[in-house]
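Remarks on the overall topology
Chain by chain, the residues:
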Amino acid sequence: MLCLQKNATRPYLHRLFEDPGSPSAGPVHPDNFEGSFAVFGFSFLCTLLEMSQETGSLTVQEEDGDPIAFLALERGEILRARLEANPFYKKEDVIQFLMQSTPARSRFQFQKT
């Protein structure tokens, strides 16, 4: 069973999702982290954010930095989700799309609020 401590969550997630081909240049900031879906997918990231009860915004981006989706989380629960290509999709549709079709070369950024 995977168990996360609140204080260790962001550095742990940063190391877990860091793309070995392009590691980040700077240190892990306590209020945000970023990574790649090269090793683990979107659903795994959501599970970790839920388990650690994170509050903030999650941006999913293409490899070139173009945004794919924006999500707002409160205590690990996704409150709002918007797909950049079609902002009128319901939250559940956006989450389902990301779980099924987030390319491995996509990246994400999480900003704690």
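I will try to describe carefully the structure that is included in this document. (Residues numbered from 1 in each chain as written. Predicted model: local features only at pLDDT ≥ 70, side-chain atom pairs only at ≥ 80, totals over all residues. Heavy atoms only, no water.)

Concerning the packing of aromatic side chains
According to the stated counting rule, one finds five aromatic pairs in the structure shown. Both rings, one in phenylalanine 33 and one in phenylalanine 108, keep their centres 5.8 Å apart while their planes meet at 80°; by these two values the pair is edge-to-face. Linking phenylalanine 33 in strand S1 (residues 32-36) with phenylalanine 108 in strand S5 (residues 107-112), this pair joins segments that are 75 residues apart in sequence. Phenylalanine 108 matches phenylalanine 33 in its accessibility class, with the two residues each being buried. Among the aromatic side chains, those forming a connected cluster through ring pairs are Phe33, Phe37, Phe42, Phe108 and Phe110. (Phe/Tyr/Trp six-rings, centres within 6.5 Å; stacked < 30°, edge-to-face > 60°. Helix = DSSP H or I, 4+ residues; strand = E, 2+ residues; numbered from the N terminus. Buried < 20%, exposed > 50% of the residue type's maximum accessible area, 1.4 Å probe, protein only.)

As for the sheet that holds strand S4 (residues 77-83)
The five strands lie next to each other as S1-S5-S2-S3-S4, forming an open sheet whose pairing is antiparallel. Both outer strands of the open sheet, S1 and S4, are each paired with one neighbouring strand and no more. On average, each strand axis in the sheet is inclined to that of its neighbour by 15°, with strand direction left out of account. Pairing geometry for strand S2 (residues 56-61) and strand S3 (residues 67-74), over six bridges, is antiparallel. Residue serine 57 lies in a different strand from S3, and its bridge partner there is alanine 72. Its contacts with the sheet place helix H2 (residues 42-51) against S1, S2, S3, S4 and S5, and it is angled at close to 170° to S2. Here helix H3 (residues 91-101) sits on the sheet in contact with S2, S3 and S4, set at roughly 80° to S4. (Pairing = 2+ DSSP bridges. Axes fitted to C-alpha atoms, helices over the stretch in contact; angles between N-to-C directions. Contact = heavy atoms within 4.5 Å.)

The quantities given are spatial measurements derived from coordinates; they are silent on function.
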